[in-house]
Amino acid sequence: MNQETAVRNDRDTTSHLPNNQIKVSARKVQVYYGDTHAIKDVDVDIEDRNVTAFIGPSGCGKSTFLRCINRMNDTIPIARVEGQILIDDEDIYDKRIDPVQLRAKVGMVFQKPNPFPKSIYDNVAYGPKIHGLAKNKSELNDIVEKSLRRAALWNEVKDRLQLPGTGLSGGQQQRLCIARAIATEPEILLMDEPCSALDPIATDQVEELIRELKGNYSVVIVTHSMQQAHRVSQKTAFFHLGNLVEYDDTETIFKNPKDERTESYITGRIG
Amino acid sequence: MTDAPATIADASASRSKGSLLEKDARTKKRNAAETRFKAYGIIAIGIGLAFLAALVFSIVRNGVPAFTQTYVTVPITLEAETLDPEGNRDPADISGVMTFAYSPLIQQGLQSALEEADVETDMSASDLTKMLSSSAENTVRQRVVSNPDLIGETEEFRLLASSRVDGYLKGRVERADLERDRNLDAAHLDIVDQLQEAGVVSRTFNMDFILGTDASDNRPEQAGIGASMLGSFFMMLVVLALALPIGVAASIYLEEFAPKNKFTDLIEVNISNLAAVPSIVFGILGLAAFIQFAGLPQSAPLVGGLVLTLMTLPTIIISTRASLKSVPPSIRDAALGVGASPMQAVFHHVLPLAAPGILTGTIIGLAQALGETAPLLLIGMVGFIASNYPEGVASGFLDPNSAMPAQIYEWAKRADPAFYERAWGGIIILLVFLLSMNLLAIILRRRFERRW
């Protein structure tokens with residue numbers, strides 16, 4: 001019941017913001033891991049050129065739901081997704097959709113920095129190469145430089161592009177992964193707890209980066225840190241035990257939550 | 001209220017552990033158990049090392065003599081009237097002269113060698129030639145046939161000594177052993193002693209053992225392992241060319257793409273089972289499938305290679321899957337996350353990281369196949385068959401040949417103790433190959449292993 005109100009609220013708020021189009025629209029999404037019902041009836045609309053945060057206690061399904069948006073759950077044999085997720089009004093679980101093409105449009109940054117054990121240059125250039133985004137070497141160089149600049153990493157690595165990406169510090173590695181994700185020019189960027197393995201300074205850099213990316217992308221970030229959600233996002237969704245409990249403007253969620261579970265979580269009584 | 005301090009004091013008294021300088025009974029017992037366990041471990045390792053040392057010692061002691069060989073240097077006058085009765089130096093006529101015509105020449109040569117060395121004996125000339133290998137006539141003849149200009153000259157020939165003489169110089173044959181010997185007796189050995197002082201009989205490094213071909217039962221001094229080494233080489237080519245691609249492709253499919261269901265579970269269980277199947281079973285399978293059913297030539301390295309491929313595949317598949325499994329899933333996620341197809345993720349990222357493990361597994365599998373004997377017995381790669389070098393590559397794959405371990409087995413079962421010495425020598429060569437392959441595996445692993 002609460003969830004229905006949440007959705008209705010959400011529709012109300014979007015109507016107040018006419019310049020923000022809906023990029024991702026999920027309806028009645030169910031995810032099963034074998035017999036476990038991990039995500040129950042999630043309805044959510046994610047806006048373009050905005051940061052949406054998913055918060056909630058561990059095991060609440062926020063990462064699982066995030067991985068539905070670029071069909072990374074396909075790689076888990078026992079996972080099963082039902083319901084409908086529309087990106088630009090196309091059902092991404094349609095039979096005709098190729099998940100490989102989808103993932104070029106929906107980039108992802110993972111919890112643990114996972115650069116390829118290759119050079120910094122090759123890490124960023126890999127996506128554009130396999131998608132044929134660069135006609136020649138100099139175009140590829142441009143894409144690599146642009147992506148690294150946007151990931152605020154260029155100045156630190158421009159002299160050592162041929163060194164292995166795994167040799168960078170944790171924060172640099174994560175920004176490298178972000179550069180790698182944006183190099184393929186996705187329209188949506190999914191971030192699964194991108195700062196959980198980073199120290200406060202690196203976290204700050206990544207958050208700054210997320211705020212900048214907002215101008216071009218629809219960013220969805222899963223985070224354990226409520227402060228982080230508060231700092232970077234415009235909309236926040238609170239997940240609990242596989243349900244989307246509440247979804248609203250970040251300010252509303254943190255200042256004036258409608259559901260008592262949200263309030264308990266925000267104030268630190270559960271979670 | 002009043003007794004509260006007392007309770008606290010009691011509690012702290014019972015909590016006191018006593019002095020740390022003294023070990024309590026429990027600690028002593030635990031330490032003793034630990035010392036005992038360490039001792040057991042050291043004893044176990046010691047026993048293992050002792051066995052290894054005994055093995056290495058006996059192999060070296062028995063095998064090293066095979067690498068030297070006794071030769072007799074004989075000046076032989078190649079009489080024209082015997083070897084070229086027509087006198088026209090026609091190669092066809094010269095090769096028409098059979099080996100028995102050379103016997104008297106060799107006898108004369110040996111006698112003149114004895115005279116030169118001031119050795120006096122009343123032994124007959126034919127009796128004396130028993131000191132030489134029965135291959136002597138053939139050796140001389142081959143040289144004459146290939147170079148007819150030698151006819152009429154007196155040439156020095158280094159001829160193989162008989163296996164008894166060779167054994168005597170190596171300390172394997174004693175005078176007492178010759179009492180029951182039909183070929184040689186103690187008098188021969190006295191002559192050998194004198195000839196050795198004169199430098200006519202000498203023992204040198206035996207390249208023919210490493211590069212030569214097998215010889216018949218009564219000429220152990222002529223036998224070499226070279227031809228069967230080539231047999232092993234061609235078999236390994238077949239194994240590498242088949243087992244590596246098939247094994248790696250099967251592993252990649254099973255590990256990265258196959259759905260997890262009862263059928264793939266069954267395949268998995270069976271691969272593990274195949275790895276434990278005795279190799280002789282693969283031998284009889286090869287005999288039935290490749291020779292009797294498919295009609296491939298018997299004793300051919302091609303068939304041996306096919307059988308060993310079957311035997312090596314489970315090893316390669318298991319080690320390849322293990323190294324694919326050890327690539328962190330985050331690398332796959334990263335590749336799929338930027339929109340790589342599953343195949344691109346595997347070939348661009350997973351496979352390069354797994355390559356050192358795959359290579360190591362393959363080399364270990366090859367080494368295992370190289371040392372395998374039992375299946376070769378069943379497909380006929382054993383016996384006196386490695387007596388000729390293969391002529392070219394096709395012949396290398398298709399003509400009957402033996403392999404190193406089968407050749408060793410063949411020598412070990414022959415009666416003459418001189419063959420026994422060859423078997424040990426062959427084991428040294430085989431071990432050198434195996435150890436260098438394992439070393440290569442270690443080097444590759446060290447060199448290419450990447451950390452992430």
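Residues numbered from 1 in each chain as written. Chains lettered and ligands numbered in written order. Predicted model: local features only at pLDDT ≥ 70, side-chain atom pairs only at ≥ 80, totals over all residues. Heavy atoms only, no water.

**So, the overall build of chain B**
For chain B, the count of helices and strands is 20 helices and three strands. Its C-alpha atoms put chain B at 130 × 65 × 35 Å along the principal axes. Across the 452 residues that make up chain B, the buried fraction comes to 44%. Of the contacts made within chain B by residues no fewer than 6 positions apart, 78% connect residues no fewer than 24 positions apart. Surface summary for chain B: the accessible area is close to 24,000 Å², and the carbon and sulfur share equals 61%. Side-chain charges of chain B comprise 36 positive and 47 negative groups, with the mean position of each set lying 21 Å from the other. (Helix = DSSP H or I, 4+ residues; strand = E, 2+ residues; numbered from the N terminus. Buried < 20%, exposed > 50% of the residue type's maximum accessible area, 1.4 Å probe, protein only. Contact = heavy atoms within 4.5 Å. Areas by Shrake-Rupley, 256 points an atom, 1.4 Å probe, with all protein chains shown as cover. Lys, Arg positive; Asp, Glu negative; His and termini not counted. Charge placed at Lys NZ, Arg CZ, Asp CG, Glu CD.)

**Quick notes on helix α14 (residues 301-325) of chain B**
Residues and elements named next belong to chain B. In this model α14 runs 34 Å from its N-terminal to its C-terminal C-alpha over 25 residues, within 8% of the 36 Å that 1.5 Å per residue would give. Roughly 35° is the biggest bend found in α14, and it falls at T312, with proline P314 one to four residues downstream. Counted residue by residue, α14 has 18 buried out of 25 residues, so it is predominantly covered. (Expected span 1.5 Å × (residues − 1). Bend = angle between axes of the 7 residues up to and from the residue.)

**Points about the environment of G56(A)**
Residue and element names in this part refer to chain A. By the secondary structure assignment, G56 is in the loop between β3 (51-55) and α2 (62-69). Expressed as a C-alpha distance, the spacing of G56 and T262, which sit 206 residues apart in the sequence, is 8.6 Å. Residue contacts for G56: discarding those within four places in its chain leaves K62, H224, F238, F239 and Y265.

**Brief notes about the pairing of strand β8 (residues 218-222) of chain A**
All names here are of chain A. Extensive coverage of β8 is indicated by the burial of five of its five residues. Of the two faces of β8, both are covered, the one formed by S218, V220 and V222 as well as the one formed by V219 and I221. The pairing of β3 with β8 spans four bridges and is classified as parallel. Paired with A53 across the strands is I221, a residue of β8. Both strand β7 (residues 188-192) and β8 contribute to a ladder of five bridges, which runs parallel. Its bridge partner lying in β8, I188 is registered against S218. (Pairing = 2+ DSSP bridges.)

**Re helix α8 (residues 200-213) of chain A**
Residues and elements named next belong to chain A. Taking 1.5 Å per residue, 14 residues should reach 20 Å; α8 reaches 20 Å between its end C-alpha atoms and fits that length. Among all positions of α8, only A202, T203, V206, E207, L209, I210 and L213 are buried. The buried side chains of α8 occupy one side of the element, clustering within an arc of 160° when seen end-on. α8 presents P200 and I201 as exposed residues on the side facing more than 90 degrees away from its buried surface. For α8, the N-terminal capping position is held by D199, with its side-chain oxygen 3.1 Å away from the main-chain nitrogen of I201. (Arc of directions from axis to C-beta. Polar contact = N/O pair within 3.5 Å; in protein donor to acceptor, adjacent residues only side chain to side chain.)

**Overview of the sheet that holds strand β1 (residues 68-77) of chain B**
Residues and elements named next belong to chain B. One open sheet accounts for three strands, arranged β2-β1-β3; its pairing is antiparallel. Looking at strand neighbours, the two that pair on one side only are β2 (154-160) and β3 (201-205), the edges of this open sheet. Going from strand to strand, the sheet's axes swing by 35° on average, the running direction of each strand aside. In the sheet, β1 pairs with β3 via five bridges, with the strands oriented antiparallel. Within β3, the position partnered with Q69 by the bridge is T204. (Axes fitted to C-alpha atoms, helices over the stretch in contact; angles between N-to-C directions.)

**Things to note about the UniProt feature "domain: ABC transporter" (unreviewed entry) in chain A**
According to UniProt, the "domain: ABC transporter" (unreviewed entry) feature falls on residues 24-266 of chain A. For residues 24-266 of chain A, the end-to-end C-alpha separation is 26 Å, with 38% helix and 27% strand making up the annotated structure. (UniProt positions renumbered as here; feature names shortened; annotations may be inferred.)

**Side note on the side chain of D84(B)**
Its place among the elements puts D84(B) in the loop between α3 (80-83) and α4 (91-96). When near neighbours in sequence (up to four residues on either side) are disregarded, D84(B) contacts R89(B), D93(B), I94(B) and I151(B).

**What about the pattern of salt bridges?**
Residues and elements named next belong to chain A. For the structure shown, the criterion picks out 35 salt bridges over all chains. Notably, a salt bridge pairs K255 with E251, separated by 2.8 Å at the nearest N-O pair. Placement of the pair is K255 and E251 together in helix α10 (residues 250-255), with a separation of four residues, close to one helical turn. Assessed through its relative accessible area of 61%, K255 is described here as exposed. Look at E251 and you get partly exposed, because its relative accessible area is 43%. (Salt bridge = Lys/Arg side-chain N within 4 Å of Asp/Glu carboxyl O.)

**Let's talk about the interface of chain A and chain B**
Contacts between the two partners involve 20 residues from chain A, matched on the other side by 17 residues from chain B. Taken over both partners, the interface formed by chain A and chain B buries close to 1,700 Å², and the fraction arising from carbon and sulfur atoms is 64%. Summed over the three residues of chain A that lose the most area to chain B, namely F116(A), P117(A) and Y126(A), the buried surface amounts to 31% of that side. Scanning the region where chain A abuts chain B turns up zero salt bridges. Counting across the interface, chain A meets chain B through five residue pairs in polar contact (both at pLDDT 80 or more). Only α3 (99-105), β6 (106-109) and α4 (120-131) of chain A provide two or more residues apiece to the side of chain A that touches chain B. Residue composition of the side of chain A that touches chain B, grouped by class: 11 nonpolar, five polar and four charged. (Buried area = accessible area lost by both parts, 1.4 Å probe. Nonpolar A, V, L, I, M, F, W, Y, C, P; charged D, E, K, R; others polar.)

**Considering the confidence of the model for chain B**
All names here are of chain B. When pLDDT is averaged along chain B, the result is 88, and 96% of the positions lie at 70 or above. Per-element mean pLDDT across chain B ranges from 54 in helix α1 (residues 4-15) up to 95 in helix α2 (residues 25-63). Predicted as a complex, the structure gets a pTM of 0.81 and an ipTM equal to 0.84. (pLDDT = per-residue confidence, 0-100.)

**Section: the nonpolar core**
Within the largest apolar cluster, 50 residues are counted, with the highest numbers of intra-cluster contacts made by F54(A) and F65(A). In terms of residues, this core owes the most to one element, helix α16 (residues 342-370) of chain B, which gives seven residues. Dropping the residues within four chain positions of it, F65(A) is found in contact with A26(A), V29(A), I39(A), V42(A), V44(A), F54(A) and F239(A). (Core = buried A, V, L, I, M, F, W, Y, C linked by side-chain atoms within 4.5 Å.)

**Description of the packing of aromatic side chains**
A full pass over the atoms with the stated rule returns 10 aromatic pairs over all chains. Here F233(B) and F234(B) contribute two aromatic rings whose centre-to-centre distance is 5.5 Å and whose plane-to-plane angle is 70°, an arrangement assigned as edge-to-face. An aromatic cluster of at least three residues, connected via ring pairs, comprises F54(A), F65(A) and F239(A). Stacked on the ring of Y247(A), the Lys or Arg K235(A) has its end atom at 5.1 Å from the ring centre. The ring of F419(B) has R414(B) sitting right over it, with the charged end atom 4.6 Å from the ring centre. (Phe/Tyr/Trp six-rings, centres within 6.5 Å; stacked < 30°, edge-to-face > 60°. Lys NZ or Arg CZ within 6 Å of the ring centre and 35° of its normal.)

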